[in-house]
Amino acid sequence: MTRGFPRRGIVPLQVFETTRCTSPSDCLPMTDLTTKEISEYYNSNEIADKYTKDAVKGLTDKEERAIDRYFHNDRGKVLDLGCGTGRTTAALIEKGYDVVGVDLVDSYVERARSMLPEPEFSVGDATALPFSDESFDYVLFSYNGIDHIAPEGERYQTLLEIRRTLKHGGLFVFSTHNHWFSVIFNPFSLQSIRETASFWSLNLHPRWLLSRYKRDNRIAGGPIPIYYISPEKQKKQLRACGFEVLDVVREQSQLRRWFDPFPYYVARKTA
């Protein structure tokens, strides 16, 4: 595998490894416990069974809109990063793409292979992808998979690795948790008030309060550490890592679009 290095104009990874964020005050370094919690979460039978059941659901509305609008070459090569048990892989194959599925969890890859024998699947780490430079026309990292990567320096490394493996002008589509969703609630819904209160009660410790990682109890199998970021700061990260942001695909309702729980970003690799 060849390893790329940031070109001129792209923020060096060392900056992020030092601060774990775009500025030293944005967050606190994560501990090994966080990585352990995330690993245990994904390797649990409960979550593996959930992803296996979800594999037949196909693309979400936002995924469908982003792919149909921006993936123009239906014979292009797609890296389905964080493919899980093959939900998005199967849908991309149906659309005519040449798809390679990669996931960190070997049991998920085994389940994907058993359901989809044709595409190539492999176990891989998003921070060190086992592919040569400029291997793919498109990269899809769906279902907020990037938000489970910790600490934050590793998340930046993932963005740089995705850029490295994309061809010139290649597109990256992914979703991430919207920070603004974590601070709003429906004042007329007792359940919404309880969920929001419970969420913040888990994050009052400075380790979480001052970090972009929050312990989230609204996720199946939670609470686990999840990365939250506002759309504007996510765009800034992408530009720092050598991407041009083309679109943010959100809820279609004008009232809900700014507080969409996890918008999808469409970004192009720049020169």
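Up top you'll find the structure we're talking about.
Residues numbered from 1 in each chain as written. Predicted model: local features only at pLDDT ≥ 70, side-chain atom pairs only at ≥ 80, totals over all residues. Heavy atoms only, no water.

### Looking at the overall build of the protein chain
Phase 1 of the analysis: From N to C terminus, the protein chain includes 10 helices and 10 strands.
Phase 2 of the analysis: The proportion of buried residues among the 271 residues of the protein chain is 52%.
Phase 3 of the analysis: Here the analysis covers contacts within the protein chain between residues at least 6 apart in sequence; of these, 69% occur between residues at least 24 apart.
Phase 4 of the analysis: Of the accessible surface of the protein chain, which amounts to about 12,900 Å², a share of 54% is contributed by carbon and sulfur atoms. (Helix = DSSP H or I, 4+ residues; strand = E, 2+ residues; numbered from the N terminus. Buried < 20%, exposed > 50% of the residue type's maximum accessible area, 1.4 Å probe, protein only. Contact = heavy atoms within 4.5 Å. Areas by Shrake-Rupley, 256 points an atom, 1.4 Å probe, with all protein chains shown as cover.)

### Considerations on the sheet that holds strand β10 (residues 264-269)
Phase 1 of the analysis: Spatial ordering of the open sheet is given by β3-β2-β1-β4-β5-β10-β9, a layout of 7 strands whose pairing is mixed. Looking along the sheet, the strands with just one partner apiece sit at the ends: β3 (120-123) and β9 (243-249). Each strand of the sheet is rotated relative to its neighbour by a mean of 20 degrees, with strand direction disregarded.
Phase 2 of the analysis: Where strand β1 (residues 77-81) meets strand β4 (residues 136-141), 4 bridges bridge the pair, whose relative direction is parallel. Across the sheet, Val78 pairs through a bridge with Tyr138, a residue of β4.
Phase 3 of the analysis: Lying on the sheet, helix α4 (residues 61-70) is in contact with β4, β5 (166-175), β9 and β10; it crosses β9 at an angle near 130 degrees.
Phase 4 of the analysis: Sheet contacts for helix α7 (residues 152-165): β1, β4, β5, β9 and β10; angle to β5, the most-contacted strand, approximately 140 degrees. (Pairing = 2+ DSSP bridges. Axes fitted to C-alpha atoms, helices over the stretch in contact; angles between N-to-C directions.)

### Description of the packing of aromatic side chains
Phase 1 of the analysis: Inspection of the entire model under this criterion finds 8 aromatic pairs.
Phase 2 of the analysis: Ring geometry for Phe174 versus Tyr265: centroids 5.4 Å apart, planes at 25 degrees, classification stacked. In this pair, Phe174 sits in strand β5 while Tyr265 sits in strand β10, placing the two residues 91 residues apart along the sequence.
Phase 3 of the analysis: Grouping aromatic residues by their ring pairs yields a cluster made of Phe172, Phe174, Phe243 and Tyr265. (Phe/Tyr/Trp six-rings, centres within 6.5 Å; stacked < 30°, edge-to-face > 60°.)

### Section: the nonpolar core
Phase 1 of the analysis: With 25 residues, the main nonpolar core has Leu79, Leu81, Phe141, Ile162, Phe172, Leu238 and Phe243 as its most contacted residues.
Phase 2 of the analysis: Listing elements by their share of this core, those giving two or more residues are β1, β2 (98-103), β4, α7, β5, β9 and β10.
Phase 3 of the analysis: Of all the elements, α7 adds the most residues to this core, at 4 residues.
Phase 4 of the analysis: Not counting chain neighbours up to four residues away, the residues in contact with Ile162 comprise Leu81, Leu129, Val139, Phe141, Phe172 and Phe243.
Phase 5 of the analysis: Of all hydrophobic cores here, the second largest spans 17 residues; its members include Ala66, Tyr97, Val99 and Val249. (Core = buried A, V, L, I, M, F, W, Y, C linked by side-chain atoms within 4.5 Å.)

### Things to note about the environment of Ile162
Phase 1 of the analysis: Of note, Ile162 is situated in helix α7.
Phase 2 of the analysis: Put simply, Ile162 and Glu134 are 28 residues apart on the chain and 9.4 Å apart in space, counted from C-alpha to C-alpha.

### Considering a nonpolar patch on the surface
Phase 1 of the analysis: Nonpolar side chains collect at one region of the surface, where Trp180, Val183 and Phe259 lie side by side and expose about 260 Å² of accessible area between them.
Phase 2 of the analysis: Inspection of the secondary structure puts Phe259 in the loop between β9 and β10. (Patch = residues over 30% accessible without salt bridge, like charges linked within 9 Å, V, L, I, M, F, W, Y side chains within 5 Å. Salt bridge = Lys/Arg side-chain N within 4 Å of Asp/Glu carboxyl O.)

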